[in-house]
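An overview of the molecular structure
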Amino acid sequence: MCAGEEKRVGTRTVLVGHRPVSETDAYVAQKFCDNRIVSSKYTVWNFLPKNLFEQFRRIANFYFLIIFLVQVIVDTPTSPVTSGLPLFFVITVTAIKQGYEDWLRHRADNEVNKSNVFVIENAKQVRKESEKIKVGDIVEVKADETFPCDLIFLASSSPDGTCYVTTASLDGESNFKTHYAVRDTTVLCTHEAIDSLAATIECEQPQPDLYKFVGRINIYRSNQEPIARSLGPENLLLKGSTLKNTKKIYGVAVYTGMETKMALNYQGKSQKRSAVEKSINAFLVVYLCILLSKATVCTTMKYVWQSNPFNDEPWYNEKTKKEKEAFKVLRMFTDFLSFMVLFNFIIPVSMYVTVEMQKFLGSFFISWDKEMYDEEIKEGALVNTSDLNEELGQVEYVFTDKTGTLTENSMEFIECCIDGHKYKESISEVDGPLKYYGKAEKCREELFLRALCLCHTVQIKEGDQVDGLIGHLEHRSTYISSSPDEIALVKGAKKYGFSFLGLENDYMKVKNQNNETERYQLLHILNFDPVRRRMSVIVRTITGKLLLFCKGADSSIFPKVQQDEIQQTKAHVDRNAMDGYRTLCVAFKELSQEEYDQIDKQICEAKMALQDREEKMAKVFEDIEANMHLIGATAVEDKLQEQAAETIEALHAAGMKVWVLTGDKMETAKSTCYACRLFQTNTELLELTTKTVGHSERKEDRLHELLMEYHKRLLQDFPKNRGGHKRSWMLNHEYGLIIDGSTLSLILNPSQDSSSSNYKTIFLQICLKCTAVLCCRMAPLQKAQIVRMVKSTKGSPITLSIGDGANDVSMILEAHVGIGIKGKEGRQASRNSDYAVPKFKHLRKLLLAHGHLYYVRIAHLVQYFFYKNLCFILPQFLYQFFCGFSQQPLYDAAYLTMYNICFTSLPILAYSLLEQHINIETLTSDPQLYMKISDNAMLQWKPFLYWTFLGAFEGLVFFFGVYYLFQNSSLEDNGKVFGNWTFGTIVFTILVFTVTLKLALDTRFWTWMNHFVIWGSLAFYVFFSFFWGGIIWPFLKQQRMYFVFAHMVTSLSTWLAIILLIFISLFPEILLIVFKNVRRKAQEHPLSSCSLKLPAITAFLGVNKSNIQIENQREVGAEGTSRGHPSSPASCLRQHHPYPNYPIHATNQKCPL
């Protein structure tokens, strides 16, 4: 562990260039990390023990390890190989996968650690490996290079001491950010000059927050007092960022290696587990009980059987002296363990590795989906967590952000209002660019437009085109900003004749309506923060006048201005919000020199603080931004994203409740909710906002009244006797709820003397009865609180959060499934999400198609694994009743070992990756199909018991069918008698063919891969049986299977028995399929015609497959038959699995290969 890592509070002192600053001042040398990055989990030495320890923490692996040890220690009927080999296979495959992933991490680490960097030592440029950088080294970085560690920016090739940086690899933001060198070191732009710097840096210990940094630099000069300057995030260049459009910079390393902000952000998110895993664990408990019951029954029956002396000690098998003297309880215990070992294959250890492979390989299909590829950003969907694929098919609640998620976050200036007078752009610029609705005084107009040109953080970039939030300015210039609102406002001011020309040497240049250039000295920027919800600048005019301009949300500006100025502007703001526009208010105040001196002193003191700097700055800003004068307001349009309304309608139709959680004001958010059809015209809205609750001291009483009124109204409209209808809220009159942040705080944190402490319960009941909920004026933490509240309700509904900004990260991490939009507010959301998509509209296909299919596949996979293992072990259990409970295995050890590894593993894996019981287009166009699998429908106890009874029925058929066949033990013309190994082999052959053909019956979407693995697995079994029994194996003690299989297949009776018993086993399943499809046809007739076929295997089983109808073929036409087919296996895989672009129909299509 690196020094300081265990305790990140306090500060660190860094000597710039390791140069002692004073002979009198003593500094205690601190130890810091080196600059090595270690993202790998294992080393060569600890890989084996650490990986094995992690794997055996899984209950199934540990169980099989115990069974294996019992087989080694106790004299058990089966070889330790039978359980050891499958366990070894699972452990090895997992270890190879994890080892390979870690090797890739090692390789990536080495590329970074061994890369060359330049360090300034003794006024010379020295080349070093990145991992050898130490805290305090002065590093030179050139254009387009990545910063090797976190640096304090000292000087650059630009005379104004600025540089441009992109942080795409950190937060995904592709726009250029401007960073500033320390004011007193900007001139030190040569090797000799920078090496002569004597300074110390005091800063906080490493923190993971990318956007916060607190420090100060003390610069020492001979015979002068040290100069102290504050350091903030604008002076810190982060590891992983890239230098752009600046020839070179010098910086001093303050955080290195695993203490850099980038490395601290690598720490993993809490592991999310899907509901399917919980079902698997529940089913495992049931099968473990079945296993224990079987072992107990057999052990008891053995001693009942042996109570007869003739059975206990027949004349041909007398007991040894040791056996006679053995302690009976110990003997019973070892017999119990032996039976456990004999039946242990009922627990499917290989299921875990198959589920992992299915999730891992299946996640690629989301990334490959061309319909989820966005041409604008040249990116498709991204899977960060493959463990939750099936959870996408179980979502009940969708929590979505508004700005940038439902809307484009691409702002367009619409209109403004100055002193209550409206200014709007006309349709034709030829007739006159502006339409005026009454006019304010000329000086007020100019003051307002100057405020728009000065109160922002927009930069101007000359020359090259820049990615990110840009707007063209003249020929080769672009506006650059991290906020699209600011660009829209600056461009809006330009339409009215005031153009922002850029910042030069702390002077902002503005071209006015007379084409004159005005210069304003920028003294301070009071940055925007989500708590204040406003930003300000303090500037000095050429004449020496001091002005403060402020812009922000109306709720944050109105309390800070003269109250008599509000009314005329408020009417415009409210109307614009009702129209769905984003509104900002603009205010100003004039400062005297004395006031400014006081402000300057307060700001500098707050900036120099190392402890609680943000709180101190916030307090100072709060005092400065007081007693202002309101000038006007702006309206900016943020258009709805393409197909946002259709997507929300589809989610509603699929039975999901959609909640919008936004920081925007209520009127704007409400208008957006109507536009995207979250609220319908017939939706009755219930409001719990400051407007309805009020500001008075009785607001808690009023809140209580409203909660009880709404609760009563909803209970009357939602009677309890719904008959358990799934998602019954869809059947009723629609209600919508609107709540704001302050009211939510009142509900979640009622005052101590509050008369009612059950606000939260009543509020939750109201929310759950509403079709849609809008939460406005939400802080990021409140968004997460809402998700947590719904997540923890009765039944634990599956929640999904989707957002695009850093303020959405908390709710994305809180929900069961987190979706990030690759938007314009950076990539923090997509980096912290489980899945990332380019647009909100892609959520429709992700849930309704991908989620639906993933859930159906994995549910079938889990049930099938338990079913085939019950079929496998039940005959072994029944055999004990006919062999005196002697623990005699029914199957050969090779068959026991290979059953789950080779003979039955690949068909179910292919099915779980490629199956489409309903085609993609139907799933996407008919959202109600999503409800059929909701509430974990396919992994409830009812389907589980169906599969269990099916497995028990088939196991009985296998055993007693062959037992009946063996009533005449001479099955050949020559009178040769078949033995117990032939009996077991016939049962095993029927078993393998039946469970494989059962899967073929279940397959609705046939590809060449399905054909290959299903028929290939059966062919491999036959080949292996001939091969295993056709050669004398020198390393085997017994050759009991020698020519058993070859002799078995020479008997006509055996062939007839195998075919007949396979048919009898599958007959109930075939009848069920026929019955279901006849009933479906009766329901659908005459609206549509269904003529889909069962797999070809039904013909082999004697069923007229043309009469069996599977699925309603929708939208099948020329388009479905005219598309080309792939010509290579790779393209065949892509186009035949569920996610190609062309329509796929629910027929049993065959691959042309």
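As the structure is a prediction and not an experimental result, all values here were calculated from the model.

Calculation criteria
- Per chain, residues are indexed from 1 in the order of the written sequence.
- With the structure being a predicted model, the display of local features is reserved for residues of pLDDT at least 70 and the display and counting of side-chain atom pairs for 80 or more, all residues being used for whole-chain, interface and lining totals.
- Note that the side-chain values use all heavy atoms of the structure and ignore hydrogens as well as water.
- Per the convention used, a helix needs a DSSP run of H or I reaching at least four residues, while a strand needs a run of E reaching at least two, with both numbered from the N terminus.
- Exposure is judged per residue with a 1.4 Å probe applied to protein chains only, and the accessible area is read against the type maximum: over 50% gives exposed, under 20% gives buried, and values in between give partly exposed.
- Every residue pair with non-hydrogen atoms within 4.5 Å of one another is taken to be in contact.
- Surface accessibility in these figures is a Shrake-Rupley result with a 1.4 Å probe; residues are shielded only by whichever protein chains are displayed.
- UniProt positions are given in the numbering used here, feature names are shortened, and annotations may be inferred rather than shown by experiment.
- Distance and chemistry together define a polar contact, namely a pair of N or O atoms within 3.5 Å, with one atom able to donate a hydrogen and the other to accept it when in protein, and with adjacent residues in sequence counting only for side-chain atoms on both sides.
- Think of a salt bridge as a Lys or Arg side-chain nitrogen and an Asp or Glu carboxyl oxygen that are within 4 Å of each other.
- We call a pair of cysteine sulfur atoms a disulfide whenever their separation is within 2.5 Å.
- If DSSP finds at least two bridges between two strands, the strands pair.
- Note on definitions: angles span 0 to 180 degrees between N-to-C directions of axes, and those axes are lines fitted to C-alpha atoms, for helices only across the stretch in contact.
- Among the buried residues, those of types Ala, Val, Leu, Ile, Met, Phe, Trp, Tyr and Cys that are joined through side-chain atoms within 4.5 Å form a nonpolar core.
- What counts as a domain boundary in this text is fixed by an automatic or database domain assignment.
- Residues qualify for a patch when their relative accessible area is over 30% and they have no salt bridge, like charges being joined within 9 Å and the nonpolar side chains of Val, Leu, Ile, Met, Phe, Trp and Tyr within 5 Å.
- Each angle gets one of four labels, with under 35 degrees taken as roughly parallel, over 145 as roughly antiparallel, 65 to 115 as roughly perpendicular, and the rest as oblique.
- In this scheme the crossing of two helices becomes right-handed for a clockwise turn of the near helix relative to the far one and left-handed for an anticlockwise turn of less than a right angle.
- Each residue gets one label: Ala, Val, Leu, Ile, Met, Phe, Trp, Tyr, Cys and Pro are nonpolar, Asp, Glu, Lys and Arg are charged, and the others, such as Gly, are polar.
- Stacked, edge-to-face and tilted labels apply to pairs of Phe, Tyr and Trp rings (six-membered ring for Trp) whose centres lie within 6.5 Å, assigned for plane angles under 30 degrees, over 60, and everything in between, in that order.
- By definition here, a helix of n residues has an expected span of 1.5 Å times n minus one.

On to the overall build of the protein chain, then. Assigned secondary structure in the protein chain consists of 38 helices and 35 strands. For the protein chain, buried positions account for 55% of its 1153 residues. The long-range fraction of contacts in the protein chain, counting pairs at least 24 apart against all pairs at least 6 apart in sequence, stands at 73%. About 51200 Å² of surface is accessible on the protein chain, with carbon and sulfur atoms providing 56% of the total.

Below, the discussion takes up the UniProt feature "binding site: Mg(2+)" (unreviewed entry) in the protein chain. Under the feature "binding site: Mg(2+)" (unreviewed entry), the UniProt entry names D401, T403, D804 and D808. Over a stretch of 408 residues, the named residues converge on one spot in the fold, their C-alpha atoms separated by at most 10.7 Å. Position of D401 relative to the elements: it lies in the loop between β15 (397-400) and β16 (407-418). Once residues within four sequence positions are removed from consideration, D401 is found in contact with L406, L661, T662, K783, I802, G803, D804, D808 and M811. Within polar-contact distance, the side chain of D401 engages the side chain of K783 at 3.3 Å. A relative accessible area of 0% means that D808 is categorised as buried. In this view, D808 contacts D401, K783 and G803; residues no more than four positions away in its chain are not counted.

The next thing to look at is the UniProt feature "transmembrane region" (unreviewed entry) in the protein chain. Within this structure's numbering, the places UniProt gives as "transmembrane region" (unreviewed entry) are residues 56-74, 282-305, 336-355, 894-914, 944-966, 978-1000, 1012-1035 and 1055-1075. Here residues 282-305 is 100% helix and 0% strand, with 35 Å between the C-alpha atoms at its ends. In the segment residues 944-966, helix accounts for 96% and strand for 0%; the C-alpha atoms at its two ends are 33 Å apart.

On to the pattern of salt bridges. Side-chain pairs of opposite charge can arise whenever the charged atoms involved come near each other. Within the structure shown, the criterion is met by 41 salt bridges. The closest approach of N and O atoms between D184 and R229, which form a salt bridge, is 2.4 Å. Within this pair, whereas D184 is found in the loop between β7 (173-180) and α5 (191-195), its partner R229 is found in strand β10 (residues 227-231), the two being separated by 45 residues in sequence. Residue classification places R229 among the partly exposed residues on the basis of a relative accessible area of 27%. Two residues, E814 and K791, come together in a salt bridge whose shortest N-O distance is 3.1 Å. Remark: K791 occurs in helix α24 (residues 780-791) and E814 occurs in helix α25 (residues 809-814); sequence separation between them is 23 residues.

A full pass over the atoms with the stated rule returns 0 disulfides. C550 takes part in no disulfide bond, and the closest cysteine sulfur to it belongs to C455, at a distance of 6.2 Å. In this structure C550 comes out as buried when scored by relative accessible area, which is 1%.

The strand order across the open sheet built from 6 strands is β3-β2-β4-β13-β5-β11, with neighbouring strands paired in antiparallel fashion. Looking at the sheet topology across the chains shown, the edges are occupied by β3 (124-129) and β11 (236-237). In terms of strand pairing, strand β5 (residues 150-156) meets strand β13 (residues 248-255) through 6 bridges, oriented antiparallel. Bridging from a neighbouring strand, S156 pairs with I249 of β13.

The phi angle at F885 is positive, at roughly 55°, despite the residue not being glycine. By the element assignment, F885 lies in the loop between α27 (842-880) and α28 (893-903).

The strands that make up a sheet are held in pairs by hydrogen bonds between backbone atoms, and each pair lies either parallel or antiparallel. The sheet built from 9 strands is open, its strands ordered β14-β35-β34-β33-β15-β29-β32-β31-β30 with mixed pairing. Edge positions in the sheet fall to β14 (382-383) and β30 (684-688), since each has one partner strand and no second. Two elements, β14 and strand β35 (residues 835-837), share 2 bridges in a ladder whose sense is antiparallel. Bridging across to β35, V383 finds its partner in Y835. Packing of helix α22 (residues 741-748) onto the sheet brings it into contact with β30, β31 (735-740) and β32 (772-776), and relative to β31 it is tilted by some 90°. The sheet strands contacting α24 are β15, β29 (657-661), β32 and β33 (799-803), and the helix crosses β29 at an angle near 160°.

What follows is about the nonpolar core. V862, F872, Y891, Y895, F988 and L991 are the most contacted members of the largest nonpolar core, which totals 98 residues. Sort the elements by how many residues they give to this core and α27 lands first, with 18 residues. Residues from two domains meet in this core; each of domain 2 (37-116) and domain 5 (861-1078) gives at least three. With residues near it in sequence (within four places) discarded, V862 still touches V276, I280, F283, M351 and L939. Listed in part, the 47 residues of the second largest apolar core include V383, A650, A772 and L847.

Our focus in this paragraph is the environment of N869. Tracing the chain through its elements places N869 in helix α27. N869 sits in the buried class, given a relative accessible area of 0%. In this structure the C-alpha to C-alpha distance between N869 and F343, which are 526 residues apart in sequence, comes to 10.0 Å. The residues contacting N869, other than those within four sequence positions of it, are F345, I346, I347, P348, Y899 and N900. Only 2.6 Å separates the side chain of N869 from the backbone oxygen of F345, close enough to count as a polar contact.

The next thing to look at is helix α18 (residues 644-653). In terms of burial, α18 is a largely internal element, 7 of the 10 residues being buried. Looking at the packing, one finds that the buried side of α18 touches β15, β29, α19 (666-675), β32 and α27. Residue G655 follows α18 closely and has a positive phi angle near 90°.

On the surface, a cluster of nonpolar side chains totalling about 660 Å² of accessible area is made up of V297, M301, V304, F881, F882, L956, F960 and Y963. Of all the secondary structure elements, the ones that give two or more residues to the nonpolar patch are α7 (275-305) and α31 (941-965). Tracing the backbone shows F960 in helix α31. On the accessibility criterion, F960 (36% relative accessible area) is partly exposed.

This paragraph deals with the packing of α7 against helix α11 (residues 350-368). Packing of α7 against α11 leaves a shortest axis separation of 13 Å and a crossing angle of 165°. Here α11 runs roughly antiparallel to α7, going by the angle between their axes. Viewed along their axes, α7 and α11 form a crossing whose handedness is right-handed. In this structure, α7 uses E277, I280, N281 and L284 to contact α11, whose residues at the interface are M351, Y352 and K359. Each residue belonging to the contact of α7 with α11 can be placed in one class, and the counts come to 4 nonpolar, 1 polar and 2 charged.

A few words on the packing of aromatic side chains. Overall, the coordinates contain 55 aromatic pairs when judged by the stated rule. On the basis of an interplanar angle of 65° and a centroid distance of 5.8 Å, the ring pair of Y287 and F944 is categorised as edge-to-face. Placement of the pair is Y287 in helix α7 and F944 in helix α31, with a sequence separation of 657 residues. An identical accessibility class is assigned to Y287 and F944; each is buried. Relative to F959, the ring of F882 lies with its centre 5.5 Å away and its plane at 40°, an arrangement referred to as tilted. Taken as a pair, F882 in the loop between α27 and α28 and F959 in helix α31 lie far apart in primary sequence, 77 residues in all. Judged by its relative accessible area of 43%, F882 is partly exposed.

What follows is about helix α33 (residues 1008-1029). Owing to its 3.6 residues per turn, the α-helix brings residues three or four apart onto one side. Along its 22 residues, α33 runs 31 Å from first to last C-alpha, staying within 8% of the 32 Å computed at 1.5 Å per residue. Looking at α33, one finds that the buried residues are N1010, V1013, I1014, S1017, L1018, Y1021, F1024, S1025, W1028 and G1029.

It is worth spelling out the side chain of Q880 at this point. When you line up the elements, Q880 lands in helix α27. Side-chain polar atoms of Q880 contact the backbone nitrogen of Q887, separated by 3.0 Å. When sequence neighbours within four positions are dropped, the list of residues in contact with Q880 reads C298, F339, L342, F343, F885, S886, Q887 and Q888.

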